[in-house]
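Structure assessment
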Amino acid sequence: MIIGIGIDLIEVKRVEKACEKEHFLTRCFTEREIDLIREDKRKASDNFAVKEAISKAFGTGIHGFELNEMEVLRDELGCPYVILYGNAFKIAKERGITKIHVSITNTKIYSNAFVVAEGKES
């Protein structure tokens, strides 16, 4: 069952500029995400869009958890997947969310993420 959906569109340059500050990186991303971003700075705006989309699928906006409690990684084929920690994990569990499906697309100017939160209603 679909518990929630979320979508986000963000300007790539805006996130890249924010990532010039170490504080922004550590507040928004996990260590593994920061490693990905250092390899490909485009991953910052892609991952940030995913986190915004997840917060919309939660129905909370960015409230009650920190952005670095959501980790967006890629599998061996490059497909994104999400791991939740701390309060983000707790919110998902309270809402009955057991799986988060994610899709990312981008252009030179924008990163776009679409999320479907699946599970059972609590």
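For the structure, see preceding data.
The shown structure was predicted, so the numbers you read here are calculated from the model rather than taken from an experiment.

Structurally, K93 is set in helix α5 (residues 86–94). Taking C-alpha positions, K93 is 9.8 Å from K120, a pair spaced 27 residues apart along the chain.

By secondary structure assignment, the location of T30 is in the loop between α2 (22–28) and α3 (31–39). Residue classification places T30 among the buried residues on the basis of a relative accessible area of 10%. Here E71 takes part through its side chain, which lies 2.6 Å from a polar atom of the side chain of T30. Those residues in contact with T30, other than ones at most four positions away along the chain, are N68, M70 and E71.

Further remarks concern the pattern of salt bridges. Applying the stated criterion across every chain, the model contains 7 salt bridges. The partner of R38 in a salt bridge is E22, with the nearest N and O atoms 3.7 Å apart. Note that R38 is positioned in helix α3 and E22 in helix α2, a separation of 16 residues in sequence. R38 sits in the exposed class, given a relative accessible area of 55%. Judged by its relative accessible area of 46%, E22 is partly exposed. K51 is the partner of E33 in a salt bridge, and the nearest nitrogen-oxygen pair spans 2.9 Å. One end of the pair, E33, is in helix α3; the other, K51, is in helix α4 (residues 42–58), with 18 residues separating them in the sequence. As far as the burial class goes, E33 and K51 line up, both buried.

Conventions adopted
Residues numbered from 1 in each chain as written. Predicted model: local features only at pLDDT ≥ 70, side-chain atom pairs only at ≥ 80, totals over all residues. Heavy atoms only, no water. Helix = DSSP H or I, 4+ residues; strand = E, 2+ residues; numbered from the N terminus. Buried < 20%, exposed > 50% of the residue type's maximum accessible area, 1.4 Å probe, protein only. Polar contact = N/O pair within 3.5 Å; in protein donor to acceptor, adjacent residues only side chain to side chain. Contact = heavy atoms within 4.5 Å. Salt bridge = Lys/Arg side-chain N within 4 Å of Asp/Glu carboxyl O.

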